[in-house]
Amino acid sequence: MKKFFRYTTLAALPLILFTTAAAQPVPEPGITRQQADEILTELRQIRQLLEKQQTKPGQPPAEEITRAKMSLQGMAMLGSKDAPVTMVEFTDYQCPFCQRFHVTTFSELKKQYIDTGKVRFYSRDLPLDFHPNAMRAAEAARCANDQGQFWTLRDRMGANPDKLDLPNLVAFASDLKMDANAFKTCVESEKYKNAVQTDVMEAMKIGATGTPTFVIGKSTPEGVDGDLVVGAMPLGIFEKKIKDMSAAPAAAAR
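In what follows, the accompanying structure is described. (Residues numbered from 1 in each chain as written. Predicted model: local features only at pLDDT ≥ 70, side-chain atom pairs only at ≥ 80, totals over all residues. Heavy atoms only, no water.)

A closer look at the sheet that holds strand S5 (residues 119-125)
Now for step 1: Pairing is mixed across the open sheet formed by six strands, whose spatial order is S2-S8-S7-S4-S5-S3. The open sheet has two free edges, formed respectively by strand S2 (67-71) and strand S3 (77-78), since each of these has just one partner strand.
Now for step 2: In this structure, strand S4 (residues 85-91) lies alongside S5, joined through seven bridges in parallel fashion. Paired with Met87 across the bridge in S5 is Phe121.
Now for step 3: Against the sheet, helix H3 (residues 96-114) contacts S3, S4, S5 and strand S7 (213-219), and its axis sits at roughly 165° relative to S4.
Now for step 4: Contacts between helix H9 (residues 235-247) and the sheet are confined to S2, S4, S5, S7 and strand S8 (223-230), with S7 contributing the most and set at about 25° to the helix. (Pairing = 2+ DSSP bridges. Helix = DSSP H or I, 4+ residues; strand = E, 2+ residues; numbered from the N terminus. Contact = heavy atoms within 4.5 Å. Axes fitted to C-alpha atoms, helices over the stretch in contact; angles between N-to-C directions.)

Below, the structure is given as structure tokens:
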């Protein structure tokens, strides 16, 4: 049952599992009651979507995708472009599971692997329909990028998924010494809506049906060739995958 407390998904999983999880939400160690309540709300929303999206009788389930090859040229990146391993996160800024990864795991990954040149990290968007502020937040991150503040705003939003309405986003921009008026105009214009939707289509193409979803693999000249990892997994899971990819010959990652 613990897997249902690691990511927000639209995958067609058996409803009985969500019913059981929703009936007795037991917080995992290290999360607050408020976070547990947010997770319960997520599960209820997912169940409502699943009730609309159940596979028709006699229709075979979709084949699970476990590997992905992606082009990442022009995408926001942290780390050295020459790092041997690439990690891509598809995120929803309003998703509590993405917040969990951000506040419990990302900083350690950054310190040990990104800042040391072992991993390059890319951020992609997968705002889910039942999160009303997720699309705006994804667009806001790109507006912040116009002022060289993508990663700082991403960090602020990732830690505050409950504060993503426009006034809070503008307040974040002001705190980060951005031109708040230009930022607000950019967000309201939906300048980057198509770019965010392109990320969503890419996520669907590789089989990412929930957030957070990661692609971790060998770096290629175009981007990455690697495995899907779904959910706000413990640090050790990411470390093992990174080490496995570092040790694998390039041919094995294709």
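Some points on the packing of aromatic side chains
Now for step 1: This model, assessed by the stated rule, comprises seven aromatic pairs.
Now for step 2: Of the aromatic side chains, those joined through ring pairs into one cluster are Phe101, Phe106, Phe121, Phe150, Trp151, Phe214 and Phe238.
Now for step 3: In this structure, Arg154 packs its charged tip against the face of Phe106, placed 5.9 Å from the ring centre. (Phe/Tyr/Trp six-rings, centres within 6.5 Å; stacked < 30°, edge-to-face > 60°. Lys NZ or Arg CZ within 6 Å of the ring centre and 35° of its normal.)

Some words on H3
Now for step 1: Between the first and last C-alpha of H3 there are merely 23 Å, a value that for 19 residues lags more than 12% behind the 27 Å anticipated at 1.5 Å per step.
Now for step 2: All of the buried residues along H3 are Pro96, Phe97, Cys98, Gln99, Arg100, Phe101, His102, Thr105, Phe106, Leu109, Tyr113 and Ile114. (Expected span 1.5 Å × (residues − 1). Buried < 20%, exposed > 50% of the residue type's maximum accessible area, 1.4 Å probe, protein only.)

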